[in-house]
Amino acid sequence: MSSYKLTGKESLGVEFGSTRIKAVLVDEDCNPVASGSYTWENKFENGVWTYPLSQVWEGLQAAYAELHLEVFEKTGEYITELSSIGISAMMHGYLPFDKDGNQLAEFRTWRNTITADAAEELTKLFNFNIPQRWSIAHLYQAILNNEEHVKDISMLTTLAGYVHYKLCGENVLGVGEASGMFPIDSETSNYNEKMLDEFSSLKSVEQFDWKIRDILPEVKGAGNIGGVLTDEGARLIDPSGRLQAGVIMCPPEGDAGTGMVATNSVTARTGNVSAGTSIFSMIVLEKPLSKVYEEIDIVTTPTGKDVAMVHCNNCCTDLDYWVNIFDEFSKASGNDIPKYKIYDLLYEEALKGDEDCAGLVNFNYLSGEPVTHTEDGVPMFVRSQGCKFNLANFFRAQIYSTMSTLKIGMKILENEGVEIDKLTGHGGLFKTPVVGQKLMAGAMNAPVSVMETAGEGGAWGIAVLARYSAEPKGMSLEEYLDTQVFSRYKSTTIEPDKKDVDGFNKYIELYEKLLEAEKTAYKSINL
């Protein structure tokens, strides 16, 4: 049992990620006290990537129970009081409800690429890139599809917004999360009024009794109070009845926003790369881009600053499948190497490979990628005749595939003259020391840092935002992070190696040439 004693001033952060629901408890100084998690997985049902909402509550309670057990084992005490709570989740998607709170359609996640027509029309209407993942694209596609449920919509929100609403009764979103629903005006840190009017004036939209302004959540910036935990909400987190109501809740944020907070990347010329099930970069802009790019999303920090986001649907999942093959071989050989060691062995072997992978190319596309204009996906490994086919090059190609689509999108920002002083990596790709960080530095041709807090991820990030809402005001979020949170944490930085830069550029050149083969492959295999 540790010497830590509960004070009632702790903050709880919960993030509903793509593969894991994680809960983190932090003390007044944002130091992690305990954590818990629950594993879940999206399902492809009736042509839609989705999760059942019943599993949201099962997962939340399981993650909190595991955290609570760790707290009890450390302190001998139960959690009864908290100073603040924050909820985060996968950005974007579609969750519509009627006036009685009934769910009107399956939860359509960020992974779906089923809104191309809507996204294209809205991008032209607004002269602003509307990605297929955004909630407004899902809503408008449902209108174009003449889906029966649309007329009954009373509230449209995201997963984070839904959980927050059930816990405190407030239909609210943090500005960063809201920017994945509908374009934000960075001057007002609220929905863009001109675009709201343009959407409302569409003939296909005018037929409905609801107004877009009324069904979207209220927008609040970091540091504001987003609601107060109700008795019903407390029971949804902790069915034992120990957790008391009345806890301040910060505005819910998406995983992009919590990633920015967790890496202290909320000021201009800073950025981060989140690499897990999906991979995306977030670069805080000094000035607007010169034109609209369908490959670049413009979202915001939790305080409303414009951010250029390159989002790719596929990252580590295909790599994990290959690791499973090596795990099976290990067991079949009678050696049964622990899986984490298999990851480390394969990652470290990748560093021995040729910088350009010597003619090996991998596509990790389990789903479509808007950045490369692929409507669907199928994992595909290709090697040229006479290539140097060995384990080191094979696994280096697997790691390169996790960041290849991101590189294609980032080249647009390079051409725009966007400068990055600091790029911070977090997520599963960076768990093995050095490897992912070194290869990412070469791929992006920029220094890549990894912080001590990288393992805590977005759940810690939303716990920090919850602490910020509970703190006396007087400093900006940027000041708070610099002086009160990150001043005591270390980070390691790896500069790009010219050999890695040149090698990856050669690799990506071959990768882009093979994109047509990838498109042919998914069309052929899905017939």
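Residues numbered from 1 in each chain as written. Predicted model: local features only at pLDDT ≥ 70, side-chain atom pairs only at ≥ 80, totals over all residues. Heavy atoms only, no water.

Trainee: Would you take a moment to explain the overall build of the protein for this structure?
Mentor: A count of helical and extended segments in the protein gives 18 helices and 24 strands. Along the first, second and third principal axes, the C-alpha set of the protein runs to 65 × 65 × 45 Å. Going through the 527 residues of the protein one by one, you find that 58% of them count as buried. Relative to all contacts within the protein whose residues are 6 or more apart in sequence, the contacts with residues 24 or more apart total 72%. Summing over all exposed atoms, the protein offers an accessible surface of approximately 21,100 Å²; the carbon and sulfur share of this is 48%. Computing the positive centroid from 46 side-chain charges and the negative centroid from 75, the protein places the two 4 Å apart. (Helix = DSSP H or I, 4+ residues; strand = E, 2+ residues; numbered from the N terminus. Buried < 20%, exposed > 50% of the residue type's maximum accessible area, 1.4 Å probe, protein only. Contact = heavy atoms within 4.5 Å. Areas by Shrake-Rupley, 256 points an atom, 1.4 Å probe, with all protein chains shown as cover. Lys, Arg positive; Asp, Glu negative; His and termini not counted. Charge placed at Lys NZ, Arg CZ, Asp CG, Glu CD.)

Trainee: Hey, could you run me through the pairing of strand β16 (residues 270-275) in this one?
Mentor: Each regular strand carries side chains that alternate between the two faces of the sheet. For β16, the tally of buried residues reaches 6 of 6 residues, placing the bulk of the element in the interior. Here β16 pairs with strand β22 (residues 422-426) via 5 bridges, running parallel. Across the sheet, Ser 274 pairs through a bridge with His 426, a residue of β22. Here β16 pairs with strand β17 (residues 279-284) via 5 bridges, running antiparallel. The residue bridging Asn 272 from the neighbouring strand is Met 282, located in β17. (Pairing = 2+ DSSP bridges.)

Trainee: Help me out: how do you make sense of the environment of Lys 43 in this one?
Mentor: As for its position among the elements, Lys 43 is in strand β4 (residues 43-45). It is 20 Å that separates the C-alpha atoms of Lys 43 and Asp 255, two residues lying 212 residues apart in sequence. Each residue touching Lys 43, except ones within four places of it in the same chain, is listed here: Val 48, Trp 49 and Thr 50.

Trainee: Looking at this structure, I do not really get unusual backbone geometry. What am I missing?
Mentor: Within the chain, Ala 358 stands out as a residue other than glycine whose phi angle is a positive 55°. Note on placement: Ala 358 falls in the loop between α12 (339-350) and β20 (360-363). A positive phi angle, near 60°, is found at His 373, a position not held by glycine. Its location among the elements puts His 373 in the loop between β20 and β21 (380-383).

Trainee: Explanation requested: the pairing of strand β6 (residues 84-89) in the structure shown.
Mentor: In terms of burial, β6 is largely enclosed, as 6 of its 6 residues are buried. Burial of β6 is two-sided: the residues Ser 84, Gly 86 and Ser 88 facing one way and the residues Ile 85, Ile 87 and Ala 89 facing the other way are all buried. One ladder, built from 6 bridges, connects strand β1 (residues 11-16) with β6; its direction is parallel. Each bridged residue has a counterpart across the sheet, and for Val 14 the counterpart in β6 is Ile 87. Both β6 and strand β14 (residues 248-249) contribute to a ladder of 2 bridges, which runs parallel. Counted as the bridge partner of Ile 85 is Met 249 from β14. Bridge count for β6 against strand β15 (residues 253-254) is 2 bridges, and the pairing is parallel. Residue pairing in the sheet places Ser 88 in a bridge with Glu 253 of β15.

Trainee: How should the nonpolar core be read in this particular structure?
Mentor: The tendency in soluble globular proteins is for nonpolar side chains to be buried as a group. Core analysis: the biggest nonpolar cluster contains 67 residues, and Leu 139, Phe 199 and Trp 210 have the highest contact counts within it. When residues of this core are assigned to their parent elements, the largest contribution, 8 residues, is made by helix α15 (residues 457-470). Counting residues in hydrophobic clusters, the runner-up holds 59 residues, among them Ile 279, Tyr 347, Phe 395 and Ala 446. (Core = buried A, V, L, I, M, F, W, Y, C linked by side-chain atoms within 4.5 Å.)

Trainee: What's the story with the packing of aromatic side chains in this structure? I'm lost.
Mentor: The geometry of an aromatic ring pair is captured by two quantities: the separation of the ring centres and the angle between the planes. For the structure shown, the criterion picks out 27 aromatic pairs. Between the aromatic rings of Tyr 347 and Phe 395, the centroid separation amounts to 5.8 Å while the plane-to-plane angle is 55°, which identifies the pairing as tilted. With a gap of 48 residues between them, Tyr 347 in helix α12 and Phe 395 in helix α13 (residues 391-415) connect regions that are remote in the sequence. Summarising the burial analysis for this pair, Tyr 347 and Phe 395 share the class buried. Aromatic rings pair up to connect Phe 363, Tyr 365, Tyr 400, Phe 504, Tyr 507 and Tyr 511 into one cluster. Of note, Arg 111 hangs over the ring of Trp 49, and the distance from its end group to the ring centre comes to 4.9 Å. One cation-aromatic arrangement involves Arg 242 over Tyr 78; the distance from NZ or CZ to the ring centre is 3.7 Å. (Phe/Tyr/Trp six-rings, centres within 6.5 Å; stacked < 30°, edge-to-face > 60°. Lys NZ or Arg CZ within 6 Å of the ring centre and 35° of its normal.)

Trainee: Would you explain the sheet that holds β17 in this entry?
Mentor: Sheet strands pair by backbone hydrogen bonding; their relative direction is either parallel or antiparallel. Pairing is mixed in the open sheet, where 7 strands are placed in the order β18-β19-β17-β16-β22-β23-β24. Pairing within the sheet leaves two strands with one partner each, and these edge strands are β18 (297-300) and β24 (491-494). Averaged over all neighbouring strand pairs, the angle between strand axes comes to 30°, with direction disregarded. Alignment of β17 against strand β19 (residues 306-312), held across 6 bridges, turns out to be antiparallel. Its bridge partner being in β19, Phe 280 is matched across the sheet by His 311. Along the sheet, helix α10 (residues 255-262) contacts β16, β17, β18, β19, β22 and β23 (448-451); its crossing angle with β17, the most-contacted strand, is approximately 65°. (Axes fitted to C-alpha atoms, helices over the stretch in contact; angles between N-to-C directions.)

Trainee: Sorry if this is basic, but what is going on with the pattern of salt bridges here?
Mentor: Taken as a whole and judged by the stated rule, the model has 28 salt bridges. Asp 297 is the salt-bridge partner of Arg 133, the closest N and O atoms lying 2.1 Å from each other. Linking Arg 133 in the loop between α2 (116-126) and α3 (135-144) with Asp 297 in strand β18, this pair joins segments that are 164 residues apart in sequence. No difference in accessibility class separates Arg 133 from Asp 297, as the two residues are buried. Ionic pairing is found between Lys 506 and Asp 356, a salt bridge with its closest N-O pair at 3.2 Å. Of this pair, Lys 506 sits in helix α17 (residues 498-513) while Asp 356 sits in the loop between α12 and β20; the two residues are 150 residues apart in sequence, bridging distant segments of the chain. Taking relative accessible area as the criterion, Lys 506 reaches 54% and is therefore assigned exposed. (Salt bridge = Lys/Arg side-chain N within 4 Å of Asp/Glu carboxyl O.)

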